Amino acid sequence: MGVQPLMRIENLVKHFHVRLGAFGERAATVHALDNITFDILEGETLSLVGESGCGKSTTGFTLLNLHRATEGKVIYQGKNIVELDEKAMRPYRRQLQIVFQDPYSTLNPRMTIGEAVGEPILFHKLATKAELKDRIATLLADVGLPPRFASRYPHELSGGQRQRVAIARALACQPKFIVCDEAISALDVSVQAQIINLLLDLQQKYGLTYLFIAHDLAVVRHISDRVGVMYLGRLAELATREELFEHPLHPYTKALLSAVPEADPAHERSRQRQILQGDVPSPLSPPSGCRFHTRCPIAMDVCSKAVPEWREARPGHMVACHAVTEGLSG
Amino acid sequence: MMMANNIRPEPPAKTGERLLDVRGLTIEIETRSGPATIVDGIDLHVDKGETLGIVGESGCGKSLTMLSMMRLLPNKIKVTKGEANFAGRDLQKMSNSDLRKVRGGDVGFIFQDPMTSLNPVMRIGQQLAEPLIYHRGMSKADARKRAGELLKLVGIPGAEDRLDAYPHELSGGMRQRVMIAIGLACNPQLLIADEPTTALDVTIQAQIVDLVKDLRDKLGMSVVWITHDLALIAGLVDRINVLYAGTVVEDAPVDALFANPSHPYTQGLLASIPKLSDERSTRLSSIGGTPPEPGRRPKGCPFAPRCPLAEAICHERVPSLEGLGQNGAHRVACFVAQRKLEAA
């Protein structure tokens, strides 16, 4: 794993303007991302975890310039790519790919698998028409599918096979970086393990960097080098996998980890969970100060007033929490 | 290990008395190329006070089995064989009006998606009161009072004020709590929970699992919890049935199942869950291939085409569920596992 950052995300902000009410008479702003700063290192798997609506998918979309950032920078190869227009973005599009959650809706039902995988190759002129067939066969082999699948249609494939095709399509562009947006969440356990293995193999073979967006912490723990925890549009904590799972600092991370079930009956029966009260507040009107203070078991006065600073609490271990800063937690 | 938690009441006593007994249930779906078997002669039972976990991947028939018992199947899907006895009466032979008294009365349901299971244009107080008025003959005023108590029971803050709320005004976790309250409204003897936490976030999921556990212990009912997540129910259930392609392949007390999984499919499922102790990027063991589609069931053991241990006999004959060991509480449908035990 290289230590060079592949991508630097600086103070990224994303607001969505929505209209509420039966006739859209009320304008409102969804604070989806608020001042996110982190690096993605070359060759690593960085995971983003958090509950629905925490902004993890929005982060993936915004840093690929699929959503327009409201503020902030995403530096890739010396360029702030979030200010590029669609045309200037095109050379980067090839290198920056995404695999989505739902393999049923991401493939065009009227295109054969071969056409779906071949399309980006022709678009980016990565092979001539004569070479195309071989290239498609190689890509299908890479994702563990026999070449005869090239003439099949998506409806003939199982969920796991479709997700393999989606991965082959991303690989077709010879990317450097792939955002896996809940790419394995819709799959059955036994198939999920197959796809995780495939992603790990491909990373080794092609030196890929992954931003892995997921809510299943057991999977994240298995595949990540570093893990970032998000809550309501902000990063709460980011550290190496060992640091985060063994020495979590942020009270939200601790609660999240204690909610993950383990496949061990005796342990599960005797374990004392730290169960969070209530639900995640609405991103339409996020709480003041630290956004977690309404559910935090150790919230102090300052937490509802000031936004905690995003700082390095231990080497390489970033956290945003007043209690950690004051040495009250950890 | 089994330390009694001070806050929690003791789990209900297990009497060994059958509450639900399903025998040889076969379910078929009509397809263009004729009927296809989805559930193949399934046997399962739940004792009074027992919590049973039913585990399997999508399409294994775990939800259909439960729906078919209550005769809630869609048109093209039919029970062709078998019986389902609840408290000594065959649900398949019961008249519609008798069955209606069982559904939502003695048997409560919680479904996966509270957004589609709740009526969006009815206040939640009314939805809670409905079964109480219908099954228990309560007056409107009494039912409303009881509805408020039920919301309090499932931990909804400001319960009485929430009675007049509509489902869309509640969060996903709150809606699932309302579903649970409706399922519990008539003090059922059996609660069937069909993937009740799948749509929820992990912290909310933990809240719901703990809630059902508490309520079960408080109210002394039996629970069937259907899920694809073995880890989730590890601390909740007494016994687990593992389903594959419409048959029970393993039936075991929860500790025995995790300590000594005997069917190759159960072993594969457990091995494909990432463990805390794994090094990063170690390859997960996975089960090759995919489950058979209805109508294309292989001859012999349905798992044989994917099974690493399959032998000639596995492709020829269907193994029956046989008890392992002395008391036979741990049962497995696998020729290889059964022979191994005989040899030992």
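See the structure above.
Residues numbered from 1 in each chain as written. Chains lettered and ligands numbered in written order. Predicted model: local features only at pLDDT ≥ 70, side-chain atom pairs only at ≥ 80, totals over all residues.

### What to know about the overall build of chain B
And then number 1: Counting secondary structure elements, chain B contains twelve helices and twelve strands.
And then number 2: Compactness check: chain B gives a C-alpha radius of gyration of 21 Å against a globular reference of 20 Å for 344 residues, within 12% of the reference.
And then number 3: Projected onto its principal axes, the C-alpha positions of chain B cover 65 × 50 × 40 Å.
And then number 4: A burial count over chain B gives 45% of its 344 residues as buried.
And then number 5: Expressed as a percentage of contacts within chain B between residues at least 6 apart in sequence, the contacts between residues at least 24 apart total 64%. (Helix = DSSP H or I, 4+ residues; strand = E, 2+ residues; numbered from the N terminus. Rg over C-alpha atoms; globule rule 2.2 N^0.38 Å. Buried ≥ 20, exposed ≤ 12 C-beta atoms within 10 Å, placed from the backbone. Contact = placed C-beta atoms within 7 Å.)

### As for the overall build of chain A
And then number 1: Within chain A one finds eleven helices and twelve strands.
And then number 2: Relative to its length of 330 residues, chain A is compact, with a C-alpha radius of gyration of 21 Å against a globular reference of 20 Å.
And then number 3: Overall, the C-alpha framework of chain A stretches about 70 × 50 × 50 Å when taken along its three principal axes.
And then number 4: Looking at the 330 residues of chain A, the share that counts as buried comes to 47%.
And then number 5: Considering only residue pairs separated by 6 or more positions, chain A has 64% of its internal contacts joining residues 24 or more positions apart.

### A look at the interface of chain B and chain A
And then number 1: Tallying the contact residues gives 40 residues for chain B and 38 residues for chain A.
And then number 2: Put simply, the parts of the chain that give the side of chain B that touches chain A at least two residues each are helix H7 (172-184), helix H8 (202-219), helix H9 (230-233), helix H10 (254-259) and helix H11 (264-271) of chain B.
And then number 3: With six residues, the top contributor of residues to the side of chain B that touches chain A is H8(B).
And then number 4: Its residues placed into classes, the side of chain B that touches chain A shows 19 nonpolar, 14 polar and seven charged. (Nonpolar A, V, L, I, M, F, W, Y, C, P; charged D, E, K, R; others polar.)

### Observations regarding the sheet that holds strand E5 (residues 79-80) of chain A
Residues and elements named next belong to chain A.
And then number 1: Strand order in the open sheet made by the four strands is E2-E1-E4-E5, with antiparallel pairing throughout. With one partner strand each, in any of the chains shown, strand E2 (26-41) and E5 form the two edges of the open sheet.
And then number 2: With two bridges connecting them, strand E4 (residues 71-76) and E5 associate as antiparallel partners. Paired with Tyr 76 across the strands is Lys 79, a residue of E5. (Pairing = 2+ DSSP bridges.)

### Some thoughts on the nonpolar core
And then number 1: Counting 192 residues, the largest nonpolar core has Ala181(B) and Val224(B) as its most contacted members.
And then number 2: The residues touching Val224(B), leaving out its near neighbours within four places in the chain, are Val46(B), Leu52(B), Ile54(B), Met66(B), Leu190(B), Ile192(B) and Ala193(B). (Core = buried A, V, L, I, M, F, W, Y, C linked by C-beta atoms within 7 Å.)

### Considering the environment of Leu122(A)
And then number 1: Along the polypeptide, Leu122(A) turns up in helix H3 (residues 113-123).
And then number 2: Distance from Leu122(A) to Gln274(A), taken between C-alpha atoms, is 53 Å for residues 152 residues apart in sequence.

### Considering the pairing of strand E1 (residues 18-31) of chain B
Residue and element names in this part refer to chain B.
And then number 1: Looking at chain direction, E1 and strand E2 (residues 34-47) are connected through ten bridges and run antiparallel. Looking across to E2, one finds that Ile 29 is bridged to Ala 36.
And then number 2: The loop that links E1 with its antiparallel partner E2 comprises two residues.

### Focus: the packing of helix H4 (residues 124-136) of chain B against helix H5 (residues 140-153) of chain B
Residues and elements named next belong to chain B.
And then number 1: The contact between H4 and H5 brings their axes to 8 Å, and the two run at 120°. Between H4 and H5, the angle falls in the class oblique. Here the hand of the crossing between H4 and H5 comes out right-handed. Judged by residue contacts, Gly 125, Leu 128, Ala 129, Leu 132 and Ile 133 of H4 engage Lys 140, Ala 143, Arg 144, Arg 146, Ala 147 and Leu 150 from H5.
And then number 2: Partitioning the contact of H4 with H5 into residue classes produces seven nonpolar, one polar and three charged. (Axes fitted to C-alpha atoms, helices over the stretch in contact; angles between N-to-C directions. Parallel < 35°, antiparallel > 145°, perpendicular 65-115°, else oblique. Left-handed = near helix turned anticlockwise from the far one by under 90°.)

### Description of the sheet that holds strand E5 (residues 89-90) of chain B
Residue and element names in this part refer to chain B.
And then number 1: In spatial order, the strands read E2-E1-E4-E5; together these four strands make up an open sheet with antiparallel pairing. Where the open sheet ends on each side, the last strands, each with one partner, are E2 and E5.
And then number 2: In this fold helix H1 (residues 62-69) packs onto E1, E2 and strand E4 (77-86), with an angle of close to 110° to the strand it touches most, E1.

### What to know about unusual backbone geometry
And then number 1: A positive phi angle is found at Asn65(A), which is not glycine, with a value near 65°.
And then number 2: Of note, Asn65(A) is situated in the loop between helix H1 (56-63) and E4.

### Considerations on the pairing of strand E11 (residues 311-314) of chain A
All names here are of chain A.
And then number 1: Pairing of E11 with strand E12 (residues 317-319) involves three bridges; the strand directions are antiparallel. Note that in E12 the partner of Arg 311 across the bridge is Val 319.
And then number 2: The hairpin turn running from E11 into E12, its antiparallel successor, is two residues long, and Gly 316 in that turn takes a positive phi close to 75°.

### Quick word on H8(B)
Residues and elements named next belong to chain B.
And then number 1: With 18 residues, H8 ought to run about 26 Å at 1.5 Å a step, and its terminal C-alpha atoms sit 26 Å apart, in line with that.
And then number 2: For H8, the full list of buried residues reads Val 202, Thr 203, Ile 204, Gln 205, Ala 206, Gln 207, Ile 208, Val 209, Val 212, Leu 215 and Arg 216.
And then number 3: Positive backbone phi, at 65°, marks Gly 220, one or two positions downstream of H8. (Expected span 1.5 Å × (residues − 1).)

### Re H1(A)
Residues and elements named next belong to chain A.
And then number 1: Of all eight residues in H1, seven are buried, a share of seventy percent or more.
And then number 2: Taken together, the buried positions of H1 are Lys 56, Ser 57, Thr 58, Thr 59, Gly 60, Thr 62 and Leu 63.
And then number 3: Of the residues trailing H1, Asn 65 is marked for its positive phi of about 65°.

### Focus: the environment of Glu182(A)
All names here are of chain A.
And then number 1: Residue placement: Glu 182 occurs in the loop between strand E7 (177-181) and helix H6 (189-206).
And then number 2: The spatial distance from the C-alpha of Glu 182 to the C-alpha of Ser 57 is 8.4 Å, given a sequence separation of 125 residues.
And then number 3: The contacts of Glu 182, once residues within four sequence positions are left out, are Gln 101, Ile 213 and Ala 214.

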